[in-house]
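Fold and geometry: a report
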Amino acid sequence: MTRRLPPIAGEWINREKRLDFTFEGRSVSGFEGDSISAALMANGEVVLGRSFKYHRPRSVMSAANHDVNVLVQTAERTNIRADVERVESGMALMPVNVFGSLKRDRASLLQKFKRFLPVGFYYKAFYRPKGMFPFWERRIRAIAGLGRVDTSWRSERPFATSHHTDVLVVGGGASGMSAALSAAEAGARVVLADENPQLGGSLHYQSFSDASRHRALKKLIAAVEAEPGITILTGAEACGYYGHHLVPLVTREGITKVQAKAVVVATGAFEQPAVFGNNDVPGVMLASGAQRLIARYAVQPCQRAVILTANEEGYHAALDMLSVGLELAAVVDLAASADRGGAAAEIKNKGIPVFDHSAIYETVTGKSGVAAIEICPLDEGGNLDRSKRTLISADGVLTSVGFAPAAALLYQAGVKFSYDPVLHQLVPGDQPKGLYAVGRVNGVYDLSDKQVDGKACGKLAAADALGQTVGQPKRPGRSQTAHSHEYPVFEHAKGWNFVDMDEDLTLKDLTRAAEEGFDNIELMKRFSTIGMGPSQGKHSNMNGIRILARKRNRSIDETGSTTARPMFHPVPVKALAGQRLRPMRRTVLHDFHASHGAQFMEAGHWLRPEFYGLEADRGTAISAEVAAVRSGAGLIDISTLGKIEIFGVDAAELMDRLYTMRMSNINEGMTRYALMVDKTGIVIDDGLAARLSENRFYVTTTSGTSDSSFAEMQKRILEWGLDVDILNLTGQLGAINIAGPLSRQVLGPLTDIDLSEEAFPFLAVRQGLVFGEPALLMRAAFVGELSYEIHMAPAALEKAVAAIMDTGESVSIRPFGVEAQRLLRLEKGHIIVGQDTDGLTNPFEAGMSWAVHAEKNYFVGKRTLECLKPKRARSLVGFTADIDEAALKMAECHLVIADGDIRGRITSVAQSRTIGKVIGLAYVDDGTVRADGSFHVRISDGRMVKVSRADLPFYDPDDSRQRLGVDTLDGVAVPGEAA
Amino acid sequence: MTGIPTIASLDGFILFHIRGTAAREAVEAVLPDAPTAVLTVHDLVDGGFIACLGKKEYFLLTHSGQPLLQPERRDNLTVYARSDALFLLSGDGVEEWLKRTSSLDLRNRPPEEFLMSRLLKISCWLKKASGALGDGYLIGCDPTYSRYFTRALETSMQSCAAGK
């Protein structure tokens, strides 16, 4: 470990535990607590990654979760942020975005073609000829992609959890810890969250050589840890701010949604890089990055450094470097060192050369990074005077030229920022109630001021959370010393001065974008992609704004700033998805179905039997089920239907208003088809409405619309002020349909209800006992045979079904599934809402004019339907085709084609053994059907299939079978038997 | 979390849903002290409860041997026995698990509160258990979600206990 320093007070590593791993196949060792970058640097690795566009060598810049040029991957995970991810024993790491190896990346040749690859070149180069774009797109994507995803890898998906608290403090530095303590002391329950594995924030690494700061840090941490009202969550990134103080925290264990009553944002500030020639090569890093490497991991960032600074923090960093034995070649100050306080004087006293009013023109690169630095004085216009340049040999440049607030959460909460001309930093304006910005994000830099700011806001946040009134505590003012330089950007003749390291954007790129007219920061962002890389502009947006402002001769405020949307850092999709929870509903007869060999299918939230039998016998099984219903008796579980009870003196009025047909004139003991449209006249639901008494109805809905129809009813009742109550009994009752010419024969012995045609006619509803338990029976006809819907309490239904199967054994009763039901109803020409209708279908198109009672005064959608009726331009029609290989390939959504144009589509199609043809339903534009009744359908392989329009229903056109029941009709054939 | 909560089906009880303008009257006839505040609950000695869900809506959970009410349908009243899946969650860690899983703030909730929420992506009701049922929570949901909910509860609780 060539760069590992002796132990540093407060370091994060455990030197007792050595961890071995590999990087590009080379063996590397680190300590427990090391970040990957730190361990690699400790082992003498200098080039840790390659840049996105030009594949230039890159290394540590911030060591703070923003080093997006140092992404690595394992076989299972990609784009691991090496600057913060901790090493684990046995890791086999590879860099991403490398063609070859880190040392010899073939794609680095792209640097030679830089002049041909300016910003936005792909917008201008690859759009013609149009047909070539897919070719270029594939190649660009292959080159531009970061990392490779192992799509076969199965992640363990964590549960998303909730956490309720009074006050959430985001940021565990001096300000945040002070706020947490203050809030807890005021009686609030506090969550203190920090993205780092340990508390401390900048207090831990900035001026780490100052023992008094170290003592202050220990004292604060001890106080926070001893406070029972504070829950500390480290390694927890606040990834966004949502309304009502909801802040999701992302941890290795998943997302915790913290719902707080007040939030203190103490997220600090991002140190910003300076823009000069070759400011991206290994060895150039933020001063805070170097301080983190040393204070956290005891890793020496370089051996001989030059510090470029525009604030007092740079001199403190210089002292830190000296304290660990690092050789300091020079300090370059963009202004006057005399204004930087005691630290600057101390540096001078130590004999370190200080270049006032100077800057770096470029770094001279050696084999693997910085070899020398060219320092030039600045003239009065702020330009570099290269005629007076000084070349200093060094392998490191540490920059300390300014900060940008880590303000994403505040922006997302709607806080406006403005430019502070003293600080040369964006600072927050008024904050919504219960939200407080403290510390450096608020422009407060002095340690004692930060603590006072934190305490004051912690107290206020606690008062907000607990509903207390407190006086306005005194808050410190913002720093009156600039901690940022107004324009730390310097021209470079060769144009290798980078503004955005994520996207390899240079000063020239942004200048060109501004010159091309992208004069708004949002426009420039989208054209140049500045701030759109993985670090989301944390180190580039501020300089980008400064550059655009200067190029357009505007102020920073006039230029504007961008709002970082959630997520603040990239969040693993597995964390966003959370545990795979797929609520599936099972009917009470699920075990019955399983015991009869059902193949289940998902129908919305329900698991339903598709058919009964082996998958290999699918066609045969479905045909047998259809034949059973047509010739004897079948039983289908219809528990999935929505079941809603409506009662009260206004029940009939409500029914009339909800449904297109008049319901108030249904006789007690009878049912009626119930069609519901929305206010735009679109079909949204259908079912049966049964009148149980003068003021009580029982209605069914489709399986998928029970909840939405119930909600619609609730809303309408409130809106209309009707005296009526409704109950959603969908899950509370089970239901079956026993159908077939012999169904009466099967059911008769099991019920006390008189099933005779006279006592229980078609469309009647009766209540009585089935197998000794209360039941509601309806004579319905969805499948076109004599049939009885039986609705019962779940436990009672289970017993009744067993009895029905026993009784029906003599007529070979069998359960039938969804597929058989679909075919049976298709033969009868009945539609399924959602399959034979879509989000634009009105009843007239669906051939259901008969279900719209226009003479009613009012029903939902009536006015629209009156307008739509004369405008109908398509119809749902039945069609048949002779059975052949092509006709059997017709499927739902195949298009009706006439004269080369799309003129409709199939909604349902199947082979009917009963009819002896392929039958179907299709929407067809008016005028499409030829004089001979034919039209054409294009199947998947492009062939056209000629079909013939047919009258509906295909089966039993006079409805005699469903109305009377075959067992009462002499001489009526049973078509199913013929098949 | 200090332990894994246990999940038990609650057998031997019957849950009535009483709805309609005569609901209050029907409830008062058998339980004069029934709560009137919405989403509050009074415990019954047998471990059951009477909960007010709205001005004209109640849940009554009683031992099935002494149901207090009978199913009834009038123009202004429906009383029927619900088929809800009923669970008793008890043991160490129940509170912690609920806090982590529910979007409701369960800190310092009054014991007489009847909660309606979504847990593990389905709608359910919950209340603190009492009397013979001991500590813990009663949870009820649509019976068609029973199997899903049981498994999801078990998985979630184990995950929570493991600190995941």
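Since we're looking at a predicted model, the values are computed, not measured.

Quick look at the domain arrangement of chain A
Residues and elements named next belong to chain A. Taken domain by domain, chain A comprises domain 1 (15-154), domain 2 (161-270 + 404-466), domain 3 (273-401), domain 4 (497-559), domain 5 (642-728) and domain 6 (825-961). Relative placement of domain 2 and domain 4: their C-alpha centres are 29 Å apart. Across the contact, seven residues belong to domain 2 and six residues belong to domain 4. Buried surface at the junction of domain 2 and domain 4, both sides included, amounts to about 580 Å², of which 67% is carbon and sulfur. The largest per-residue losses of area from domain 2 upon contact with domain 4 belong to Phe270, Tyr419 and Leu426, which jointly make up 74% of the total buried on that side. Taken together, the connections running from domain 2 to domain 4 amount to zero salt bridges. Taken together, the links from domain 2 to domain 4 amount to three residue pairs in polar contact (both at pLDDT 80 or more).

A look at the UniProt feature "domain: GCVT N-terminal" (unreviewed entry) in chain A
In the UniProt entry, the feature "domain: GCVT N-terminal" (unreviewed entry) is given for residues 589-856 of chain A. Helix makes up 27% of residues 589-856 of chain A and strand 29%, with an end-to-end C-alpha separation of 41 Å.

Some thoughts on the side chain of Ser59 of chain A
Residue and element names in this part refer to chain A. Position of Ser59 relative to the elements: it lies in the loop between strand 4 (57-58) and strand 5 (71-73). Looking at Ser59, the relative accessible area reads 11%, which means it is buried. A distance of 2.8 Å separates the side chain of Ser59 from the backbone oxygen of Val46, its partner in a polar contact.

Looking at helix 3 (residues 146-161) of chain B
Residues and elements named next belong to chain B. Here helix 3 spans 22 Å end to end across 16 residues, near enough to the 22 Å set by a 1.5 Å rise per residue. For helix 3, the complete set of buried residues consists of Tyr148, Phe149, Ala152, Leu153, Ser156, Met157, Ser159 and Cys160. Around the axis of helix 3, the buried residues are gathered within 160° of arc, so they sit on the same side. In this structure, the buried residues of helix 3 make contact with strand 1 (6-9), strand 8 (85-90), helix 2 (94-101), strand 9 (115-119), strand 10 (122-128) and strand 11 (137-141).

A look at a nonpolar patch on the surface
Residue and element names in this part refer to chain A. A cluster of nonpolar side chains, namely Leu109, Phe113 and Phe116, defines an oily patch on the protein surface of about 330 Å² accessible area. You can see Leu109 is positioned in the loop between strand 7 (92-95) and helix 2 (121-125). The class of Leu109 is exposed, set by a relative accessible area of 51%.

As for the confidence of the model for chain B
Per-residue confidence for chain B gives a mean pLDDT of 90, with 97% of residues at or over 70. Here helix 2 of chain B stands out as the least confident element of chain B, with mean pLDDT 87; strand 4 (residues 49-54) of chain B is the most confident, with 97.

Some words on the interface of chain B and chain A
By convention, interface size is frequently given as the accessible area that disappears when the constituent parts associate. In this complex, chain B contributes 39 residues to the contact, which on the side of chain A involves 38 residues. Counting the surface lost from both chain B and chain A, the interface buries some 3,000 Å², and carbon and sulfur atoms represent 47% of this. Broken down residue by residue, the surface that chain B buries against chain A is led by Asp75, Arg107 and Thr144 of chain B, which jointly contribute 21%. Of the charged contacts, one joins Arg147 of chain B and Asp591 of chain A as a salt bridge, the two residues approaching to 3.0 Å between their closest N and O atoms. Here chain B is connected to chain A by 19 residue pairs in polar contact (both at pLDDT 80 or more). Those elements giving two or more residues to the side of chain B that touches chain A turn out to be strand 2 (13-19), strand 6 (72-74), strand 7 (77-82), helix 2 and helix 3 of chain B. In terms of residue count, the dominant contributor to the side of chain B that touches chain A is helix 3 of chain B (seven residues). Of the residues that constitute the side of chain B that touches chain A, the class distribution is nine nonpolar, 14 polar and 16 charged.

What counts as what
Residues numbered from 1 in each chain as written. Chains lettered and ligands numbered in written order. Predicted model: local features only at pLDDT ≥ 70, side-chain atom pairs only at ≥ 80, totals over all residues. Heavy atoms only, no water. Domains from an automatic or database assignment. Contact = heavy atoms within 4.5 Å. Buried area = accessible area lost by both parts, 1.4 Å probe. Salt bridge = Lys/Arg side-chain N within 4 Å of Asp/Glu carboxyl O. Polar contact = N/O pair within 3.5 Å; in protein donor to acceptor, adjacent residues only side chain to side chain. UniProt positions renumbered as here; feature names shortened; annotations may be inferred. Helix = DSSP H or I, 4+ residues; strand = E, 2+ residues; numbered from the N terminus. Buried < 20%, exposed > 50% of the residue type's maximum accessible area, 1.4 Å probe, protein only. Expected span 1.5 Å × (residues − 1). Arc of directions from axis to C-beta. Patch = residues over 30% accessible without salt bridge, like charges linked within 9 Å, V, L, I, M, F, W, Y side chains within 5 Å. Areas by Shrake-Rupley, 256 points an atom, 1.4 Å probe, with all protein chains shown as cover. pLDDT = per-residue confidence, 0-100. Nonpolar A, V, L, I, M, F, W, Y, C, P; charged D, E, K, R; others polar.

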